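# Breakdown of the fold
Spelled out from the first residue to the last, the chains are:
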Amino acid sequence: MRHLLPYLQDDQKAADYLRQVRWPDGVTCPRCGSAAVEPRERCDNGLQRFNCVPCAQRSRQQFAMFTDWTSSIFEESKLRPLEWLLVMGLWQLKLNATEIAAAADIQERTAQRCINLLDGGIYETYHLDPTRQLEHQVEADECYQSAGSKGLAREVARRERAPRQRGLQLRGRATAEMGRPPLLGLVQRRDKTDQDAPAAQVYLEVLENVRTATIKPIIAAKVKSGSQFFTDEYNIYHFTQADYDHRTVNHGAGEYARHDPDGTCVHCNTMEGLWSSLRNFLDRFKGISQRFLHLRVARYEFLHNYGHLHWPQTFEATLRSLFSTTGDYLRRMAHQHRRMPLTLCYR
Ligand SMILES: [Zn+2]
């Protein structure tokens, strides 16, 4: 976080940094997009005010003001720019609300709201980004996460993985309704021949159940057809034969990896490794509720996929992602007691 230190001196410096990331090519009006804006006096918390000339003319007012944070997820926050920078740095270290509250010297409830905003912003812009697709060699697997089903935080048993020797019925049975929502994991193996290749890119989705009807549209949307597709022998994946070079590893028969005659390594070990790392991350959020599980998973997904970058680059990528959302997803989510159905995202 050292690169943040110059901006953590005072609110004005922090606001200037945030503005630079939001508008690298110069400030434009968040309402009309015009660059004909003039800076006015700052707010008490250091944010810069601007007047949009075209907007003012159109509304026949003397001024049409906006600030560095207008129409962003930070707009209604009472935290100062400096505090936000600090919270975001701690967020990137994968801390939970209690830890962030202690480190940033803010109330725990405030920290909780902050991480919901940050995770939610990443979910809306990064996780739901329809252009993000996996290709070449993709592994798929599913696991189960214990989470409160009522949308209220409560202590729940630590998550445990479905038994290794998973009978089909056993695996098919756990659902979100039962408090153990399944997660679908898709991962594009890292290209080991390319030194500069990014980290193995992962796509993680919290599901209601693991029926073919549930996962089929997700896989179709996220994995480019023609890719090699590796799964275990679980029959929910059989439909993928049509669009992918689908190869299965037979866990039931004790097989975990094999070399096919064409030299292809058939296994799901990349995804298996990711599950244990995700589990470690989610364990930090004791008593995680189903209502927020997908947001925490989205943070893990984002930070994992940017893991090959240096810390400041990831920080700026986070900020750019957050500034490209309006917080619309979170506003809609606030009116729902449970996680919003996936059908809203895959149509
Ligand atoms: Zn305007």
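The structure displayed is predicted, hence computed values, not measured ones.

Procedures and definitions
- Residues numbered from 1 in each chain as written.
- Predicted model: local features only at pLDDT ≥ 70, side-chain atom pairs only at ≥ 80, totals over all residues.
- Heavy atoms only, no water.
- Helix = DSSP H or I, 4+ residues; strand = E, 2+ residues; numbered from the N terminus.
- Buried < 20%, exposed > 50% of the residue type's maximum accessible area, 1.4 Å probe, protein only.
- Contact = heavy atoms within 4.5 Å.
- Areas by Shrake-Rupley, 256 points an atom, 1.4 Å probe, with all protein chains shown as cover.
- Phe/Tyr/Trp six-rings, centres within 6.5 Å; stacked < 30°, edge-to-face > 60°.
- Lys NZ or Arg CZ within 6 Å of the ring centre and 35° of its normal.
- Axes fitted to C-alpha atoms, helices over the stretch in contact; angles between N-to-C directions.
- Parallel < 35°, antiparallel > 145°, perpendicular 65-115°, else oblique.
- Left-handed = near helix turned anticlockwise from the far one by under 90°.
- Nonpolar A, V, L, I, M, F, W, Y, C, P; charged D, E, K, R; others polar.

## Observations regarding the overall build of the protein
Secondary structure summary: the protein contains 11 helices and 10 strands in total. Going through the 347 residues of the protein one by one, you find that 51% of them count as buried. Intrachain contacts of the protein at a sequence separation of at least 6 include 65% that bridge at least 24 residues. When the accessible area of the protein is evaluated, it comes to approximately 16900 Å², of which 49% is carbon and sulfur surface.

## What about the packing of aromatic side chains?
For the structure on display, the rule yields 17 aromatic pairs. Between the aromatic rings of Trp91 and Phe302, the centroid separation amounts to 6.4 Å while the plane-to-plane angle is 50 degrees, which identifies the pairing as tilted. With a gap of 211 residues between them, Trp91 in helix H3 (residues 81-92) and Phe302 in helix H9 (residues 290-305) connect regions that are remote in the sequence. Given the relative accessible area of 0%, Trp91 is considered buried. Overall, the relative accessible area of 0% leaves Phe302 in the buried class. When the centroid spacing of 4.9 Å and the interplanar angle of 45 degrees are considered together, the rings of Tyr123 and Tyr329 count as tilted. In this pair, Tyr123 is assigned in helix H5 (residues 108-127) and Tyr329 in helix H11 (residues 328-333), connecting sequence segments 206 residues apart. Accessibility classification places Tyr123 together with Tyr329 in one group, the buried group. An aromatic cluster is present here, built from Tyr7, Tyr17, Trp311 and Phe315 joined pairwise through their rings. Over the ring of Phe230 we find Arg189; its NZ or CZ atom is 4.1 Å from the centre of that ring. For the cation-ring pair, Arg296 lies above Phe285, with the distance from its terminal atom to the ring centre recorded as 5.7 Å.

## Remarks on the packing of H3 against H5
Running from N to C, H3 and H5 cross one another at 65 degrees; their axes reach a closest spacing of 11 Å. The orientation of H3 relative to H5 falls into the category roughly perpendicular. Where H3 crosses over H5, the two elements pack in a sense that is right-handed. For the pair H3 and H5, contact is made by Trp84, Val87, Met88 and Trp91 and by Cys114, Ile115, Leu117, Leu118, Asp119 and Ile122, respectively. Along the lines of polarity and charge, the residues of the contact of H3 with H5 split into nine nonpolar, no polar and one charged.

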